[in-house]
Amino acid sequence: MSEEQEPDYRFTLANERTYLAYLRTSLACYAGGLSAVQFLDLGPDRWPARIIGIVLVLTGIVTTAGAFRRWQLNLTAIRRGGALPASRLPLMLGATIATVGLIGLLFSLWR
Amino acid sequence: MSTPDPGRQPERTLLAWRRTALGLIANGTLLLVSGHGSSQVRTGLGIVVLVLSLGCWTAVGAVYRRSKGGAVHALGHDHVLRVAAGLVLVVGLFDLYAVITR
């Protein structure tokens, strides 16, 4: 079980694509954060938009790091023929983006 | 595996790299726009990110052409993915700076 074997290349490539999909998600978070400070007009000062931007960009940074970790753990699991490790990354990502969306919506309605 | 599929998987992976490079380009452009006229630093960072993204786009294509077919295996090596993560992290830090100082 713990003997490591080079897996079918398709699994490695699929793992790599998953990792790249996470990288794109973090790039989208960055773009959303930048757009928030650039285009959102949520009040007399810029802070509401800025906080949304900071949260989104930080989410992206955490996602990048988490994606690499996840890729490594998955690769090890594939090589050992074990089960893929569970991860909180998708949950965390989804919850944060939903919260930011909700806050943005409330702000725009309130304004 | 029972069904050999040499062509599509590497190609899909290459396309995934390409989309990621496009995401980098989008971020570079946004940084450039966010800096224009108001902060030379943000404009500069935007240009840096754009140059890096175009480099990434070209490099991915070059590696793929060199290793045709059996292919994108070469990209699967640890250090290439480490470099990609590093690049995205750096862009993230630039974006963080841009968001805070905007």
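The structure displayed is predicted, hence computed values, not measured ones.

## Concerning the overall build of chain A
Argument step 1. A count of helices and strands for chain A gives three helices and zero strands.
Argument step 2. For chain A, the N- to C-terminal ordering of α and β elements is α-α-α.
Argument step 3. The C-alpha radius of gyration computed for chain A amounts to 18 Å, which surpasses the reference 13 Å derived for 111 residues by more than 25%, pointing to a less compact arrangement than a globule.
Argument step 4. Taking the principal axes of the C-alpha coordinates as reference, chain A spans close to 60 × 20 × 15 Å.

## Observations concerning the interface of chain A and chain B
Argument step 1. The partner chain B presents 39 residues to the 32 residues of chain A that form the contact.
Argument step 2. Interface of chain A and chain B: buried area, both sides summed, is about 3400 Å²; carbon and sulfur atoms make up 68% of it.
Argument step 3. Considering only the side of chain A, the residues that lose the most area to chain B are R10, R17 and L34 of chain A, jointly responsible for 19% of the buried surface there.
Argument step 4. Our count for the contact surface shared by chain A and chain B stands at twelve residue pairs in polar contact (both at pLDDT 80 or more).
Argument step 5. Those elements that provide at least two residues to the side of chain A that touches chain B are α1 (9-39) and α2 (47-80) of chain A.
Argument step 6. Counting residues per element, the side of chain A that touches chain B draws most heavily on α1 of chain A, which supplies 20 residues.
Argument step 7. Classifying every residue of the side of chain A that touches chain B by side-chain character gives 18 nonpolar, seven polar and seven charged.

## Examining the packing of α1 of chain A against helix α3 (residues 89-110) of chain A
Residue and element names in this part refer to chain A.
Argument step 1. Between α1 and α3, the least distance of the axes is 13 Å, while the angle of their chain directions is 20°. By the angle between their axes, α1 is roughly parallel relative to α3. The element α1 and its partner α3 pack so that their crossing is left-handed. Together, Y22, T25 and C29 of α1 and L89, P90, L93 and I97 of α3 make up the contact between the two elements.

## Some details on the side chain of T59 of chain A
All names here are of chain A.
Argument step 1. When you line up the elements, T59 lands in helix α2.
Argument step 2. Judged by its relative accessible area of 6%, T59 falls in the buried class.
Argument step 3. Residue contacts for T59: discarding those within four places in its chain leaves C29, M92, L93 and T96.

## A look at the layout of surface pockets
All names here are of chain B.
Argument step 1. Within this model, the second largest pocket holds a volume of roughly 170 Å³.
Argument step 2. In this structure, the second largest pocket is lined by ten residues; those nearest its centre are C56, A59, V60, V80 and V83.
Argument step 3. Elements that contribute at least two residues to the lining of the second largest pocket include exactly α2 (40-66) and α3 (78-101).
Argument step 4. For the lining of the second largest pocket, the class distribution of residues is ten nonpolar, no polar and no charged.

## Overview of the packing of aromatic side chains
Residue and element names in this part refer to chain A.
Argument step 1. Tallied over the entire structure, the rule returns four aromatic pairs over all chains.
Argument step 2. Here Y19 and W71 contribute two aromatic rings whose centre-to-centre distance is 6.2 Å and whose plane-to-plane angle is 45°, an arrangement assigned as tilted. A residue pair is termed long-range when its members are at least 10 positions apart, and Y19 in helix α1 and W71 in helix α2 qualify at 52 residues.
Argument step 3. By relative accessible area, Y19 is classed as buried at 1%.

## A closer look at the nonpolar core
Argument step 1. Y19 and Y30 of chain A are the most contacted members of the largest nonpolar core, which has 38 residues in total.
Argument step 2. Within the residue set of this core, elements represented by two or more residues are α1, α2 and α3 of chain A together with α1 (8-35), α2 and α3 of chain B.
Argument step 3. Of all hydrophobic cores here, the second largest spans five residues; its members include A36, I52, L56 and V100 of chain A.

## A look at the UniProt feature "transmembrane region" (unreviewed entry) in chain B
Argument step 1. UniProt feature "transmembrane region" (unreviewed entry): in the numbering of this structure it lies at residues 15-33, 45-64 and 79-100 of chain B.
Argument step 2. Strand forms 0% of residues 45-64 of chain B and helix 100%; the C-alpha atoms that close the span are 29 Å apart.

Rules used in this analysis
Residues numbered from 1 in each chain as written. Chains lettered and ligands numbered in written order. Predicted model: local features only at pLDDT ≥ 70, side-chain atom pairs only at ≥ 80, totals over all residues. Heavy atoms only, no water. Helix = DSSP H or I, 4+ residues; strand = E, 2+ residues; numbered from the N terminus. Rg over C-alpha atoms; globule rule 2.2 N^0.38 Å. Contact = heavy atoms within 4.5 Å. Buried area = accessible area lost by both parts, 1.4 Å probe. Polar contact = N/O pair within 3.5 Å; in protein donor to acceptor, adjacent residues only side chain to side chain. Nonpolar A, V, L, I, M, F, W, Y, C, P; charged D, E, K, R; others polar. Axes fitted to C-alpha atoms, helices over the stretch in contact; angles between N-to-C directions. Parallel < 35°, antiparallel > 145°, perpendicular 65-115°, else oblique. Left-handed = near helix turned anticlockwise from the far one by under 90°. Buried < 20%, exposed > 50% of the residue type's maximum accessible area, 1.4 Å probe, protein only. 1 Å grid on protein atoms, 1.4 Å probe; cavity = no way out; pocket = protein on both sides within 12 Å on 5 of 7 lines; lining within 4 Å. Points joined across faces, edges and corners; volume = space filled by probe spheres on them. Phe/Tyr/Trp six-rings, centres within 6.5 Å; stacked < 30°, edge-to-face > 60°. Core = buried A, V, L, I, M, F, W, Y, C linked by side-chain atoms within 4.5 Å. UniProt positions renumbered as here; feature names shortened; annotations may be inferred.

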